[in-house]
Amino acid sequence: GTAILPGVEAAPAIEEMDSFMYQTAGHALIPTLAECAGLPLYRQPIRGSAVQMGMDYSAPRAAGADGNSGNSGTGESGAQANGAADEVEDLLVLLQTVLADHPGVRGVSVGAIASDYQRVRVESVCARLGLTALAYCWRQDQAELLDRMLAAGVDAVLCKVACLGLSPRKHLGRSLAEVRETLQSLNAQFGCHVCGEGGEYETMTRWCPLFKKRLELLQTSAHVLDEGGGFAPVAVLRVGEARALPVDAAERDLWPAIKRKPATPLLAPVGGSGAAVAAAGAGSLWVIAGARPQPLQAAAVEGAVEASSHAVGCWLSVSVSVASADSQGADSQADGGARAALAITAALAAASEHLRARGSRGLSDALILKLYLAEMSHYAPVNAAFTAALVGCAPAARAAVALPLAAAGAQLRLEVLARRAPRASQLGASGLAALAPAPRAHKRVLHVQSVSEWAPRMIGPYAQAAWVAAPLERGGNSGRGGSDGSGEEDEAEVPPTLCCMAGAIGLYPPLMTLAEGGAAAQTAQALANVDAVLDAIGRSPADALSTTLFTALSPALPPGAQSAKGCLQATEQVSAWASAACAPSGRPPPLAATLRVQTLPMNALAEVLVETLGLDAGGAGAGETHAPAAAPADWRWREWTEVLPLCLSPGGGPASGNLEGSPGGGRAELVLRALWREASDPAHSAPLGLIQLVGYVVWRPARAAGDEPAPRAAP
């Protein structure tokens, strides 16, 4: 069940104010609403103002604190500017008072549907107080949400209107049920938000299933604040008297059936059985991770940390390995977790040092961090240390899996992909200028920490998605109009940019629990979560550049009883998802790999990692649709694959993670797979551009004599 928490409201110092954060229309009725709800009321005057008006919010730092959060929406230090405090901090003070009287409070409910502005600020306050933000309306279809609220018995009236088509004298004081058709008509004509997310109207609730009494409004009248040129007047509802009326017990206890979001259905298989799909279907590459890795080379830096970095144009890649500490005898779980926490702290510090040495802002420029652990049981302390080490950094996407690193003498490995602002010397005629976004491109993230029905929340400094947003520029000769001899200057062609998404497991978002039904069901739910995130950033599955599916051994079965069935079923789901997304445009499916690992977070059976390459179209609002921001039509895609044998193994196969066992030995192969872009118009981009190169080490068990195919010769 859900615990009912005390009602809170930041009381304004004046009757009506244009607050960016709080609804103040009808605030005088809040005490009566508290009586209807039967809950204690806590109020706090709004003393601050909207200091930070950007989409990000930086909490005020303590006096003398140093560092750069990278999140400030105004360039001011924290939530203060010229001594003025942000109104968001008034909510912090209010909740501190509530927690002092009610230490059992665990969460704060926020009604945001499409407002990142409000959600981000409530999440900031909750994070500092150890509370969970509950945003169950977040990114729901507004027309469906309005109907669900009405069906649940919510009776709310309009207490403020500020929209073309809403009349103060005709619509103020009317219930949502009475104006439903009007709102739908305004949405069809002008794109108005039917739930008022664009500020079209505000409401006051007279009754809902949580109330113990019903609110009655008497002596109401319309008060116009702004005539709005006669087209869209702004007006509020004045209430002369408000009463809380008792209701019958039968009505109070009559709860409508709660309509939960149904389980995500499995995707229809695409051609043939799972084995056929895994072998050759829809661009899939079948790889078994678990082959015995080679020992690490001697550490290149002081201590047990080995790090390396590479730079190509604006892109930076850093890899860090932390060797296992020498220990005597078996270690307790606590000792192992503590060492792993120290290891990730050292790895992040080494990665940041390498990034800064190459001219970036450190981990704030990272798009994705891939974390490989020797023991997933160490995930909790590692995650806590990870969060502490990245305080003040702009969030990045993240994926975490467990691999048999212990055989190589390592306890964890960290891989970071980051982007820095390019220098002029890197933007010559070599083709890098055509492939890289413009110099003023910047990093954007989608970081939702609230529990909702939309997608799983991200707790800590990692985001659902991080991407490079190209700037909007006009003029010059880079647009199509200026290059065809017409002399016309058109809007510059904005290049597609890379988006890295966090690893998605099959969590049912409202409850944050894994989907039931095995690997296939979890993969289908994970892909539904991916779809939700892509829609929020204005992209679509058709923009997918690559998919990596991690499948884990089932914790319910002993190692010897594991089979490939779950892996094949999960792979089939990803193949069906990619094929369905790309079929309408005729674009080839993205690069795809299935990797079997030891363990995944929360003992999940599957985790999907997706990268997209598309146009930065911004996010569509909740209940809105957008055209897929796919890559330009003149791009052509070509895949190239080559398998190079590395060595032959005279002994047994991999010690762990093997599907069927390999008593006859086998062979390790390096599989390289490339995706190229061929542009039909050399004037706008490089004639041939490498988009992505993927490499895996594959263990292939030996079969009967003469049954092993000879390796292909490299071209």
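On a predicted model such as this, the values are computed, not experimentally measured, just so you know.

Novice: Help me out: how do you make sense of helix α10 (residues 379–389) in this one?
Specialist: An α-helical segment advances 3.6 residues per turn. Residues three or four places apart therefore align on the same side. Listed in full, the buried residues belonging to α10 are Val382, Asn383, Ala385 and Phe386. Axial view of α10: buried residues confined to an arc of 165°, hence all on one face. Of the exposed residues in α10, the ones pointing more than 90 degrees away from its buried face are Ala380 and Ala388.

Novice: I'm lost on the sheet that holds strand β10 (residues 234–246) in this one. Help?
Specialist: As a general point, the strands of a sheet are linked pairwise by backbone hydrogen bonds and lie either parallel or antiparallel. Spatial ordering of the open sheet is given by β8-β7-β10-β9, a layout of 4 strands whose pairing is antiparallel. Only two strands of the sheet have a single partner each, and these edge strands are β8 (201–207) and β9 (213–226). On average, each strand axis in the sheet is inclined to that of its neighbour by 20°, with strand direction left out of account. Along the sheet face, helix α1 (residues 30–37) touches β8, β9 and β10 and points at about 155° away from the line of β9.

Novice: What am I meant to see in the packing of aromatic side chains here?
Specialist: Think of a pair of aromatic rings as described by two things: how far the centres are apart, and how the planes are tilted against each other in angle. Under the defined criterion, the tally for this structure stands at 3 aromatic pairs. Their ring planes at 45° and their centres at 5.9 Å tell us that phenylalanine 20 and tyrosine 117 sit as a pair that is tilted. Taken as a pair, phenylalanine 20 in the loop between β1 (7–9) and α1 and tyrosine 117 in helix α3 (residues 116–129) lie far apart in primary sequence, 97 residues in all. Relative accessible area serves as the criterion here: at 46%, phenylalanine 20 is assigned to the partly exposed category. Relative to phenylalanine 211, the ring of tryptophan 207 has its centre 6.5 Å away and its plane inclined at 85°; by these criteria the two rings are edge-to-face. For tryptophan 207, a relative accessible area of 7% corresponds to the buried category. Against the face of tryptophan 138 rests arginine 119, its NZ or CZ located 4.7 Å from the ring centre. The positively charged end of arginine 398 is found above the aromatic ring belonging to tyrosine 462, 4.2 Å away from the centroid.

Novice: Looking at this structure, I do not really get the side chain of glutamate 89. What am I missing?
Specialist: Among the structural elements, glutamate 89 can be located in helix α2 (residues 88–101). At a separation of 2.4 Å, a polar atom in the side chain of glutamate 89 contacts the side chain of tyrosine 57.

Novice: Quick question: what am I supposed to make of the environment of alanine 351 here?
Specialist: Following the sequence through the fold, alanine 351 ends up in helix α9 (residues 333–357). When the C-alpha positions of alanine 351 and serine 317 are compared, they lie 9.3 Å apart, and in sequence the two are 34 residues distant. Ignoring sequence-local partners within four residues, the contact set of alanine 351 consists of Val318, Val320, Leu363, Leu414 and Val416.

Novice: What's the story with the packing of helix α12 (residues 518–536) against helix α13 (residues 565–582) in this structure? I'm lost.
Specialist: Angle between the axes and distance between the axes are the two parameters that describe a pair of packed helices. For the pair α12 and α13, interaxial distance at closest approach is 8 Å and the crossing angle is 30°. Considered as vectors, α12 and α13 are oriented roughly parallel to each other. As for how α12 packs across α13, the hand of that crossing is right-handed. Contacts between α12 and α13 involve Ala519, Ala520, Thr523, Ala524, Leu527, Val530, Asp531 and Leu534 from the former and Gly566, Gln569, Ala570, Gln573, Val574 and Trp577 from the latter. Partitioned by chemical class, the residues of the contact of α12 with α13 number 9 nonpolar, 4 polar and 1 charged.

Novice: Looking at this structure, how should I read the sheet that holds strand β15 (residues 397–402)?
Specialist: Spatial ordering of the open sheet is given by β12-β13-β16-β14-β15, a layout of 5 strands whose pairing is mixed. Unpaired on one side and paired on the other, β12 (305–312) and β15 mark the two borders of the sheet. For this sheet, the mean inter-axis angle between neighbouring strands, taken without regard to orientation, is 10°. Of the strand pairs in this sheet, strand β14 (residues 366–373) and β15 are connected by 6 bridges, and their pairing is parallel. Residue pairing in the sheet places leucine 373 in a bridge with alanine 402 of β15.

Novice: Sorry if this is basic, but what is going on with the pairing of strand β25 (residues 606–614) here?
Specialist: Successive side chains on a regular strand alternate, one facing one side of the sheet and the next facing the other. Within β25, 9 of the 9 residues are buried, which leaves the element mostly enclosed by the surrounding structure. Judged by which residues are buried, β25 turns out to be covered on both faces: Ala606, Val608, Val610, Thr612 and Gly614 on one side and Glu607, Leu609, Glu611 and Leu613 on the other are all buried. Examined bridge by bridge, strand β19 (residues 497–501) and β25 share 4 bridges and lie antiparallel to one another. Paired with leucine 498 across the strands is leucine 613, a residue of β25. Relative to β25, strand β23 (residues 544–552) runs antiparallel, the two being bridged by 7 bridges. Residue pairing across strands places threonine 548 opposite leucine 609, the latter belonging to β25.

Novice: Please explain the nonpolar core as it appears in this structure.
Specialist: The nonpolar side chains of soluble globular proteins are, as a tendency, buried together. If you look at the biggest cluster of nonpolar residues, it comprises 61 residues, and the most contacted ones within it are Val320, Ile344, Leu348, Leu363, Leu369, Leu414 and Val416. Per-element accounting of this core gives the leading share, 9 residues, to α9. With residues up to four places along the chain from it excluded, the contact list for leucine 369 reads Leu348, Leu363, Phe386, Ala396, Ala397, Arg398, Ala399, Leu414, Glu415 and Val416.

Definitions and cut-offs
Residues numbered from 1 in each chain as written. Predicted model: local features only at pLDDT ≥ 70, side-chain atom pairs only at ≥ 80, totals over all residues. Heavy atoms only, no water. Buried < 20%, exposed > 50% of the residue type's maximum accessible area, 1.4 Å probe, protein only. Helix = DSSP H or I, 4+ residues; strand = E, 2+ residues; numbered from the N terminus. Arc of directions from axis to C-beta. Pairing = 2+ DSSP bridges. Axes fitted to C-alpha atoms, helices over the stretch in contact; angles between N-to-C directions. Contact = heavy atoms within 4.5 Å. Phe/Tyr/Trp six-rings, centres within 6.5 Å; stacked < 30°, edge-to-face > 60°. Lys NZ or Arg CZ within 6 Å of the ring centre and 35° of its normal. Polar contact = N/O pair within 3.5 Å; in protein donor to acceptor, adjacent residues only side chain to side chain. Parallel < 35°, antiparallel > 145°, perpendicular 65-115°, else oblique. Left-handed = near helix turned anticlockwise from the far one by under 90°. Nonpolar A, V, L, I, M, F, W, Y, C, P; charged D, E, K, R; others polar. Core = buried A, V, L, I, M, F, W, Y, C linked by side-chain atoms within 4.5 Å.

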